[in-house]
Amino acid sequence: MNIRPFQPADQESVVDLWSRCGLLRPWNDPRKDIARKLRVQPELFLVLEVDGSVAGTVMAGYEGHRGWINYLAVDPDARRRGLGRALMAEAERLLRERGCPKINLQVRRDNHQAIAFYARIGFAEDASVSLGKRLERDD
Ligand SMILES: CC(C)(COP(=O)(O)OP(=O)(O)OC[C@H]1O[C@@H](n2cnc3c(N)ncnc32)[C@H](O)[C@@H]1OP(=O)(O)O)[C@@H](O)C(=O)NCCC(=O)NCCS
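Okay, so let's go over this structure. In this text the structure is predicted, and so the values were computed from the model without any measurement.

What counts as what
- Within each chain, residues carry numbers counting from 1 in the order of the written sequence.
- The predicted origin of the model limits local features to residues at a pLDDT of at least 70 and limits the giving and counting of side-chain atom pairs to 80 or more, whereas totals for whole chains, interfaces and linings rest on all residues.
- Side-chain numbers come from the whole structure's heavy atoms, not from hydrogens or water.
- Note: two strands are recorded as paired if DSSP finds a minimum of 2 bridges between them.
- Numbering of helices and strands runs from the N terminus, with a helix taken as a DSSP run of H or I at least four residues long and a strand as a DSSP run of E at least two residues long.
- For helices, the fitted line uses only the C-alpha atoms of the stretch in contact; every axis is such a line through C-alpha atoms, and the angle between N-to-C directions lies from 0 to 180 degrees.
- Here's how the labels work: a residue is buried when its accessible area is under 20% of the maximum for its type, exposed when over 50%, partly exposed in between, all with a 1.4 Å probe on protein chains only.
- In protein, a polar contact requires one atom able to donate a hydrogen and another able to accept it; more generally it is a pair of N or O atoms within 3.5 Å, and residues adjacent in sequence count only if both atoms are side-chain atoms.
- In what follows, residue pairs with any heavy atoms lying within 4.5 Å of each other are defined as contacts.

1. Some details on the sheet that holds strand 2 (residues 45–50)
Okay, step 1: Sheet architecture is open: five strands sit in the order 1-2-3-4-5, paired in mixed fashion. Each edge of the open sheet is held by one strand with a lone partner, namely strand 1 (2–5) and strand 5 (103–105). Averaged over all pairs of adjacent strands, the angle between their axes in this sheet comes to 30°, without regard to strand direction.
Okay, step 2: Bridging between strand 3 (residues 53–62) and strand 4 (residues 67–74) involves six bridges; their strand directions are antiparallel. Across the sheet, residue Gly 61 finds its bridge partner in strand 4, namely Trp 68.

2. With respect to the pairing of strand 2
Okay, step 1: In terms of residue burial, strand 2 counts as a mostly covered element, since five of its six residues are buried.
Okay, step 2: Sheet topology places strand 1 next to strand 2; four bridges connect them, and they run antiparallel. Residue pairing in the sheet places Asn 2 in a bridge with Glu 49 of strand 2.
Okay, step 3: The pairing of strand 2 with strand 3 spans six bridges and is classified as antiparallel. Along strand 3, the bridge assignment pairs Leu 46 with Val 58.
Okay, step 4: What sits between the antiparallel neighbours strand 2 and strand 3 is a turn of two residues, in which Asp 51 has the positive phi angle 50°.

3. Observations concerning the side chain of Arg 4
Okay, step 1: Its place among the elements puts Arg 4 in strand 1.
Okay, step 2: The class for Arg 4 is buried, based on a relative accessible area of 12%.
Okay, step 3: One polar contact links Arg 4 to Asp 10, side chain to side chain, over a distance of 2.8 Å.
Okay, step 4: The contacts of Arg 4, once residues within four sequence positions are left out, are Asp 10, Phe 45, Leu 46, Val 47 and Glu 49.

Pasting the structure below:
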């Protein structure tokens, strides 16, 4: 198992992984999301390889106040073996290194698996409403 920054050659494997993990949405073009991330803290976009194949990803970022986590994914065939925990530990290490005091993330309320996972690794629900405003349409 190896965790390293995303490289352009990973793109199609990563999009395929996100598709198999149910992370794609019509309003988010994954290739545009990758291109945007490669312009901002690309070193915080991590890929986990097992036997040379992409088995997981996490896209982290720090804007000077909070760290953010997106696109956390582990191949359905490789789950419950600690890979998600390892990806999050590395993202957390890199965010701490940058002085980040707290991580925020958004998870759909019906994603019970992910909520159970995040609870196991120390995340708790914040008393906040998640608001969003789209600045650029992908579809
Ligand atoms: C969420 C996800 C990344 C977890 O990856 P994983 O590699 O299976 O997680 P781990 O094996 O590292 O699990 C870490 C801990 O969480 C627990 N856990 C993981 N999945 C769980 C589940 N579905 N239900 C209950 N607990 C779970 C594990 O038991 C483990 O606990 P322990 O170490 O105390 O025994 C994976 O299920 C996934 O890719 N889901 C689809 C994509 C997704 O929803 N991403 C999040 C978007 S916000």
